[in-house]
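# Architecture at a glance
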Amino acid sequence: MKTVGVLGGGQLGCMLADALFKLGAKVQFYDPDPTSPAYFRTQSFVQGGWEDKKKLEEFFATSDIVTYEFENVSVNLLEEIVQKTGTQLFPSAQVLATTQNRYLEKTFLKNNDFPVCQFALAKNIHEANIISQKFNFPYIIKTATGGYDGKGQWLIKNKEDFESFIKEISIKFVEIIFEEKIQIELEASCIVARNSNNKAVCLPVFENVHKNHILYNTTLPAHLPISVQEKLKSIALKAANKLNVTGLLTTEFFLSRKINPYYKFECIEGYYIYINEFAPRPHNSGHISLNACNISQFNALAHILLNIPLQTPKLNDGFYCMGNLLGDTWIEQGNKYQLNLNAWEKNPEVIDVVLYGKSEAKKNRKMGHFVTHSLNREQSILDAEKFRSDLN
Ligand code: ADP
Ligand code: MG
């Protein structure tokens, strides 16, 4: 029986653990937060900080293999621990080094001719002022590291926005990147699962809708011509190979209909394709694969970690819509937070609800998700909308 160590005790790790348990593996988690979802689900929980070398070393030494669901860990520290303990980390620390830093990630894309938007790095306020003159409004500023769910992002529409951004960041400057704002027609993601024999398979292409920079809905099949979906898959596969990923690599795409003088890449069926970012781990959009595919993103990763042959995931019949449930829907009772699931009775099209067991609900915090299934794409989305409004 193998022991898989998971860095991070959030919902991604918990759903991965379900897939690992199914295959007879043991799972242990590492997270600084003793109230993280994994803490309540397993006896094998190590509470430790991300800089605690000794604890992390012990965690690696007691695992047969380690993976991560959380990306903001020091790559140098991980590399050192992998060397010392001999326990492999999937995906490797080198993959994480590229994907955890937006500037290195975009530079990788640019150097390898992957489609990427115009971007620039600012290491201090002086550089930020110079770069701001080269970018047309509106543009987006992001912290180079540490951002998620739209945190660490500023939409700059005019000079005043830039000035107030500078005021805010001057308190404690961190490296930032400037990105042109893409006129997005549609967002999509593609998850590649690649094993240590370099066999790589793709999950179906997901179509994603974001609200306030946070994933709102994912639908399957994507409302895109097959030729465009095939192109996205081939780009995602090429990226996973180039980065030499063992594990999962999610590629997030922007698709635009608008001609852009900076765009030097292929246009397919009127779509201009950009890679937005990578995630070398299970992805929120991939939760839909638990219901819509014969092999989920978590099953695929479990196979890779346990060295079990990898098969190509296939889409089940019908149309699916996955909706995120954010903290706003939760009701506070005393110091406990609850979701009123009575609405499920009137919504039989909802085939699954997954609650992550987070002890505190906050406004934009991802607390759970649900999936609807229908014979018609529009209906699956309408059903999701109805369930959401009945929950409130
Ligand atoms: P996160 O790490 O928070 O997921 P992203 O870079 O993926 O950060 O941004 C979150 C969302 O914000 C994207 O899915 C998209 O909707 C919007 N967004 C981010 N960058 C751009 C951009 N350059 N142009 C247009 N929209 C963007
Ligand atoms: Mg993203």
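Quick summary incoming for the structure in this document. (Residues numbered from 1 in each chain as written. Chains lettered and ligands numbered in written order. Predicted model: local features only at pLDDT ≥ 70, side-chain atom pairs only at ≥ 80, totals over all residues. Heavy atoms only, no water.)

### Structural notes on the layout of surface pockets
Just so we agree on the cut-off: Of the two site types, the cavity is a set of points on a 1 Å grid over the protein atoms alone where a 1.4 Å probe fits but cannot get out, and the pocket is an open set with protein on both sides within 12 Å along at least five of seven lines, each lined by residues with an atom within 4 Å of a point. Grid points are joined across faces, edges and corners, and a volume is the space filled by probe spheres set on the points. In this classification, Asp, Glu, Lys and Arg are treated as charged, Ala, Val, Leu, Ile, Met, Phe, Trp, Tyr, Cys and Pro as nonpolar, and every other residue, Gly included, as polar. Domain extents, as shown, originate in an automatic or database domain assignment.
Considering only enclosed or pocket space, the second largest pocket measures out at about 410 Å³ in volume. For the lining of the second largest pocket, a count of residues per class yields nine nonpolar, five polar and four charged. Counting the residues that make up the lining of the second largest pocket, at least three belong to each of domain 2 (118–180) and domain 3 (182–316).

### Some details on the coordination of the magnesium ion (ligand 2)
We count it as follows: Here a donor is an N, O or S atom found within 2.8 Å of the metal, or within 3.2 Å if the metal is Na, K or Ca; sites may look incomplete because water is not among the atoms. Only DSSP runs of H or I reaching four residues or more are called helices, and only runs of E reaching two or more are called strands; each is numbered from the N terminus. With a 1.4 Å probe rolled over the protein chains alone, any residue whose accessible area is under 20% of its type maximum counts as buried; one over 50% counts as exposed, and the rest are partly exposed.
Within the protein, the magnesium ion (ligand 2) binds to Glu252 (OE), Glu252 (OE) and Glu277 (OE); these donor distances fall in the range 2.0 to 2.7 Å. In this pair, Glu252 sits in strand 14 (residues 247–256) while Glu277 sits in strand 16 (residues 271–279), placing the two residues 25 residues apart along the sequence. Take Glu252: its relative accessible area is 13%, and that puts it in the buried class.

### What about the sheet that holds strand 6 (residues 119–122)?
Applicable threshold: When DSSP finds at least two bridges between two strands, those strands are taken to pair. Note on geometry: axes are C-alpha line fits, over the in-contact stretch for helices, and angles between N-to-C directions span 0 to 180 degrees.
Read from one edge of the open sheet, four strands run 6-9-7-8, paired in antiparallel fashion. Each edge of the open sheet is held by one strand with a lone partner, namely strand 6 and strand 8 (153–156). Across this sheet, the average inter-strand angle for adjacent strands is 20°, counted without regard to direction. Judged from the four bridges that link them, strand 6 and strand 9 (residues 176–180) form a sheet pairing that is antiparallel.

### Notes on the packing of aromatic side chains
Think of a pair of aromatic rings as described by two things: how far the centres are apart, and how the planes are tilted against each other in angle. Short version of the rule: Stacked, edge-to-face and tilted are the three classes for Phe, Tyr and Trp ring pairs, Trp counted by its six-membered ring, which pair at centre distances within 6.5 Å; planes under 30 degrees apart are stacked, over 60 edge-to-face, the rest tilted.
Applying the stated rule across the entire model yields 19 aromatic pairs. Here the aromatic rings of Phe370 and Phe387 are separated by 4.9 Å at their centres, their planes lie at 70°, and the arrangement is edge-to-face. Separated by 17 residues along the polypeptide, Phe370 in strand 21 (residues 366–374) and Phe387 in helix 12 (residues 377–391) bring together distant segments of the chain. Given a relative accessible area of 0%, Phe370 falls into the buried group.

### Things to note about the pattern of salt bridges
As a reminder of what qualifies: Definition used for salt bridges: Asp or Glu carboxyl oxygen within 4 Å of a side-chain nitrogen of Lys or Arg.
Under the criterion given, the structure shown has 14 salt bridges. Between Lys142 and Glu179 there is a salt bridge, with its nearest N and O atoms 3.0 Å apart. Placement of Lys142 in strand 7 (residues 139–143) and of Glu179 in strand 9 is noted, with a sequence separation of 37 residues between them. Glu179 matches Lys142 in its accessibility class, with the two residues each being buried. A salt bridge links Arg388 to Glu385; the shortest N-O distance between them is 3.7 Å. Taken together, the positions of Arg388 and Glu385, both in helix 12 and three residues apart, correspond to about one turn of that helix. The network of salt bridges with shared partners includes Lys106, Lys142 and Glu179.

### Some words on empty space enclosed by the protein
This structure, assessed with the given rule, holds one cavity of 30 Å³ or more. Considering only enclosed or pocket space, the largest cavity measures out at about 40 Å³ in volume. Surrounding the largest cavity, Glu187, Ala188, Ser189, Asn208, His210, Glu252, Phe253 and Phe254 form its lining. If you list the elements that add at least two residues to the lining of the largest cavity, you get strand 10 (184–194), strand 12 (206–211) and strand 14.

### Some thoughts on unusual backbone geometry
The step from Phe90 to Pro91 runs through a cis peptide bond, and the omega angle for that step is -15°. By the secondary structure assignment, Pro91 is in the loop between strand 5 (88–89) and helix 5 (93–99). Residue Pro221 is bonded to the preceding Leu220 through a cis peptide linkage, with omega at -10°. Among the structural elements, Pro221 can be located in the loop between strand 13 (214–220) and helix 9 (226–242). For Asp149, which is not glycine, the phi dihedral falls at a positive 45°.

### What to know about the nonpolar core
Here is the rule we go by: The criterion is simple. A nonpolar core is a set of buried Ala, Val, Leu, Ile, Met, Phe, Trp, Tyr and Cys residues joined through side-chain atoms within 4.5 Å. A contact between two residues is defined here by any heavy atoms of the two lying within 4.5 Å.
Formed by 40 residues in total, the largest nonpolar core has its most connected members in Leu20 and Leu305. Those elements that place two or more of their residues in this core are strand 1 (3–7), helix 1 (11–22), strand 2 (26–31), strand 10, strand 13, helix 11 (297–305) and strand 17 (319–326). Ignoring sequence-local partners within four residues, the contact set of Leu20 consists of Val4, Ala25, Val27, Ala302, Leu305 and Leu306. One finds Leu186, Phe253, Tyr263 and Tyr271 within the second-largest nonpolar core, a separate group that totals 36 residues.

Interpretation note: all reported values are geometric properties and have no functional meaning in isolation.
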